[in-house]
Amino acid sequence: MKIMKMIIFLIALILTVNTVYASERPVWKDNCPQGLDDAVYKEVQWYWPESTRATQEIYNYWAKRRGEFYDALAQCDFMADVFKTACYDNLRSQQAVDNELYRLKIENKKITSQVWRDTNKMTNSLMFNILSR
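Below or above, wherever it landed, is the structure these notes cover.

The rules behind these values
For every chain, the first residue of the written sequence is number 1, and numbering continues from 1 along that sequence. Under the rules for a predicted model, residues below a pLDDT of 70 receive no local features and side-chain atom pairs below 80 are neither given nor counted, while totals for whole chains, interfaces and linings still include all residues. No hydrogens and no water enter the side-chain calculation; it runs on all heavy atoms of the structure. A helix here means a DSSP run of H or I that spans at least four residues, while a strand means a run of E at least two residues long, and both kinds are numbered starting from the N terminus. Here a residue-residue contact requires only that any non-hydrogen atoms of the pair lie within 4.5 Å. Ring pairs are drawn from Phe, Tyr and Trp, using the six-membered ring of Trp, whenever the two centres fall within 6.5 Å, and their geometry is named by plane angle: stacked under 30 degrees, edge-to-face over 60, tilted for the rest. Categorising residues by exposure relies on relative accessible area from a 1.4 Å probe, with only protein chains included: less than 20% of the type maximum marks a residue as buried, more than 50% marks it as exposed, and the intermediate range marks it as partly exposed. Residues form patches when they are more than 30% accessible in relative terms and have no salt bridge. Like charges link within 9 Å. Nonpolar side chains (Val, Leu, Ile, Met, Phe, Trp, Tyr) link within 5 Å. Note on areas: Shrake-Rupley, 1.4 Å probe, and residue coverage restricted to the protein chains presented here. For this analysis, a salt bridge means a side-chain nitrogen from Lys or Arg found within 4 Å of a carboxyl oxygen belonging to Asp or Glu. To form a nonpolar core, buried Ala, Val, Leu, Ile, Met, Phe, Trp, Tyr and Cys residues must be joined to one another through side-chain atoms within 4.5 Å.

1. Let's talk about the environment of cysteine 87
Piece 1. Take cysteine 87: it is sitting in helix H3 (residues 81-125).
Piece 2. Sequence separation between cysteine 87 and glutamine 75 is 12 residues, and the spatial gap between their C-alpha atoms is 8.6 Å.
Piece 3. Every residue in contact with cysteine 87, bar those within four places of it in the chain, is listed here: Cys76 and Met79.

2. Points about the packing of aromatic side chains
Piece 1. Applying the stated criterion across every chain yields a total of seven aromatic pairs.
Piece 2. Each ring, one from tryptophan 28 and one from tryptophan 62, has its centre 6.2 Å from the other, and the planes form 55°; the classification is tilted. Of this pair, tryptophan 28 sits in the loop between helix H1 (2-23) and helix H2 (50-77) while tryptophan 62 sits in helix H2, and the two are 34 residues apart along the sequence.
Piece 3. Residue classification places tryptophan 28 among the buried residues on the basis of a relative accessible area of 2%.

3. Notes on a nonpolar patch on the surface
Piece 1. Together, Met79, Val82 and Phe83 line one region of the surface with nonpolar side chains, adding up to about 320 Å² of accessible area.
Piece 2. On the secondary structure map, methionine 79 appears in the loop between H2 and H3.
Piece 3. Among the residues examined, methionine 79 registers a relative accessible area of 36% and is labelled partly exposed.

4. Observations concerning the nonpolar core
Piece 1. Residues Trp28, Trp62, Phe69 and Leu73 are the most contacted members of the largest nonpolar core, which totals 13 residues.
Piece 2. Contributing elements (two or more residues each) for this core: H2 and H3.
Piece 3. Top element by residues in this core is H2. It accounts for five residues.
Piece 4. The contacts of phenylalanine 69, once residues within four sequence positions are left out, are Pro26, Val27, Trp28, Asn31, Leu91 and Gln95.

On their own, these measurements won't tell you what the molecule is for.
Given below as structure tokens:
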């Protein structure tokens, strides 16, 4: 009787652990900005307006990241249960690093653009009177 209770307990424990592992599986929507979770990759055309090209480059970045995410997730899914949690945690960590690098890149681009505009304003505002009376 005691052995039977122990076997039932172990089966319940195994089912609980498998449920926990399944619930720890990363989800793409947790890693990308809202609205870009199903971004579509399209080749940027030279004749598109600058704003359209910039927007499509953002979509392309997130579409590429989504593909990489699902490739890595598929590799984790094929691993033994013992290694899945570590693989999922590694995938989450890698996505967090990639998100931070992307945020820093965007921030750096804004700063560079602002410096360029400020420098351009300064040089354009200086006018020399080369034709003196």
